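Geometric and topological summary
Residue-level listing of the chains:
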Amino acid sequence: MDEIKVQLSDDAVRWFEQNYRYTEWDADEFARDQGWSGFDFVVGSDGEPLVVPGEYVFGHLCSHLLDASNAEAAATIMGEAAPGKASEFHGVLAYDYADEAAREATERIGASLAGYPVLNDEDFDQREREAAISTLTDCCDVPAEIAGDVAAALSDDGQSLCTDCSIWDLGRIMDRLGYRECAECDGWIKTSHDEPLHYDCAKAHEEPDCECVSRLIDTHRHNEVVTTWADVRETLRGCEYCYSQVLPYGKTA
Ligand SMILES: [Zn+2]
Ligand SMILES: [Zn+2]
Ligand SMILES: [Zn+2]
Ligand SMILES: [Zn+2]
């Protein structure tokens, strides 16, 4: 009968006893593949192995980003202290338990995390900011050129950058940056006017047989002026044809 050849820590032995997917044999094989003589996990302040998350987000985005940031920072610390002595083992961070420098580095990581949950603040902040910028541009129609400013303003405003933790009050932030929400869609328009409309959104209010609204939009487009809901309403009211079309049916234009 074969036997475990690498030195497993007591913690690692306990972990494998409670794990249904992997056994000490997997650790043994993994360690020997890495050229290690021992095997243990780099653990966080809760005593559990540090998670090395994949691309897919489980649970809160903020905790996913924190895991990703801490895993990378821990791998960097390990790599500097003992090159080649730490590696991902099925989604968690493992290291060579027989290597003294590696063991000391994991103790430093554990002590650091026990005092403060983030190993590299700057890296974590950047991950949060980048994720917030993607959400702002992909889901909130915020123009890419100001998404960074909006994310910074949200932080300054005391709003969490994690959309799982808070619902952003964007109106206030965007207003301060000189943007208003389109009165028709959820997009943003650079203006200080009330109830602005994208040109295409304004066009949706055109009566089928008259081009008065189109002419208004065309003029505004050429003069690079923002069209507002008030402009459209005034134009429809001032147009003999549209006025007669709109009012008899009690439309609210
Ligand atoms: Zn969160
Ligand atoms: Zn719009
Ligand atoms: Zn034209
Ligand atoms: Zn008209």
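Structure shown above.
Quick look at the structure, then. (Residues numbered from 1 in each chain as written. Chains lettered and ligands numbered in written order. Predicted model: local features only at pLDDT ≥ 70, side-chain atom pairs only at ≥ 80, totals over all residues. Heavy atoms only, no water.)

Some points on the coordination of the zinc ion (ligand 4)
Around a metal, the ideal angle is 109.5 degrees if four donors adopt a tetrahedral arrangement and 90 or 180 degrees if six donors adopt an octahedral arrangement. Counted only if it meets this: For Na, K and Ca the donor cutoff is 3.2 Å, while for all other metals N, O and S atoms must lie within 2.8 Å; water is not among the atoms, so some sites may look incomplete. Only four donors with every angle between 85 and 135 degrees are called tetrahedral; only four or six donors with opposite donors over 155 degrees apart and all others between 65 and 115 are called square planar or octahedral, in that order; all others are irregular. What counts as a helix is a DSSP run of H or I of at least four residues, what counts as a strand is a run of E of at least two, and both are numbered from the N terminus. Burial classes: relative accessible area under 20% of the type maximum marks a residue as buried, over 50% as exposed, and values in between as partly exposed (1.4 Å probe, protein chains only).
Coordination of the zinc ion (ligand 4) by the protein involves Cys210 (SG), Cys212 (SG), Cys239 (SG) and Cys242 (SG), with metal-donor separations of 2.2 to 2.4 Å. One can describe the donor arrangement at the zinc ion (ligand 4) as tetrahedral, given that its four donor atoms subtend angles of 103 to 116° at the metal. Written as a sequence motif, the donor residues of the zinc ion (ligand 4) are C-x1-C-x26-C-x2-C. Taken as a pair, Cys210 in the loop between helix 8 (199-203) and helix 9 (212-223) and Cys239 in the loop between helix 10 (229-238) and helix 11 (240-246) lie far apart in primary sequence, 29 residues in all. When sorted by exposure, Cys210 lands in the same class as Cys239, which is buried.

Topic: the sheet that holds strand 4 (residues 92-95)
As a reminder of what qualifies: Any two strands with at least two DSSP-identified bridges between them are counted as paired. Two residues form a contact once any of their heavy atoms are found within 4.5 Å. Axis definition: a line fitted to C-alpha atoms, limited for helices to the stretch in contact. Angles are taken between N-to-C directions and run from 0 to 180 degrees.
Strand order across the open sheet formed by four strands is 1-2-4-3, with mixed pairing between neighbours. The sheet is open, and its two edges are formed by strand 1 (7-8) and strand 3 (86-89), each paired on a single side. By the bridge criterion, two bridges tie strand 1 to strand 2 (residues 38-41) in an arrangement that is parallel. Bridge pairing in strand 2 links Leu8 to Phe39. Sitting on the sheet, helix 1 (residues 10-18) touches strand 1, strand 2 and strand 3, and the angle it makes with strand 2 is about 70°. Helix 2 (residues 24-34) rests against strand 1, strand 2, strand 3 and strand 4 of the sheet, and its axis sits at about 140° to strand 3.

Considering the packing of helix 5 (residues 121-139) against helix 6 (residues 144-156)
For clarity, the cut-off: An angle below 35 degrees is treated as roughly parallel, one above 145 as roughly antiparallel, one from 65 to 115 as roughly perpendicular, and anything else as oblique. Note on convention: near helix rotated counterclockwise from far helix by under a right angle means a left-handed crossing. Clockwise means right-handed. The classification used treats Ala, Val, Leu, Ile, Met, Phe, Trp, Tyr, Cys and Pro as nonpolar, Asp, Glu, Lys and Arg as charged, and all other residues, Gly among them, as polar.
It is the contact of helix 5 with helix 6, at a shortest axis distance of 9 Å, that shows an interaxial angle of 125°. With respect to their mutual orientation, helix 5 and helix 6 come out oblique. For the element pair helix 5 and helix 6, the recorded crossing hand is right-handed. Contacts from Arg129, Ala132, Ile133, Leu136 and Thr137 of helix 5 reach helix 6 at Ala144, Ala147, Gly148, Val150, Ala151 and Leu154. In terms of residue class, the contact of helix 5 with helix 6 is made up of eight nonpolar, two polar and one charged.

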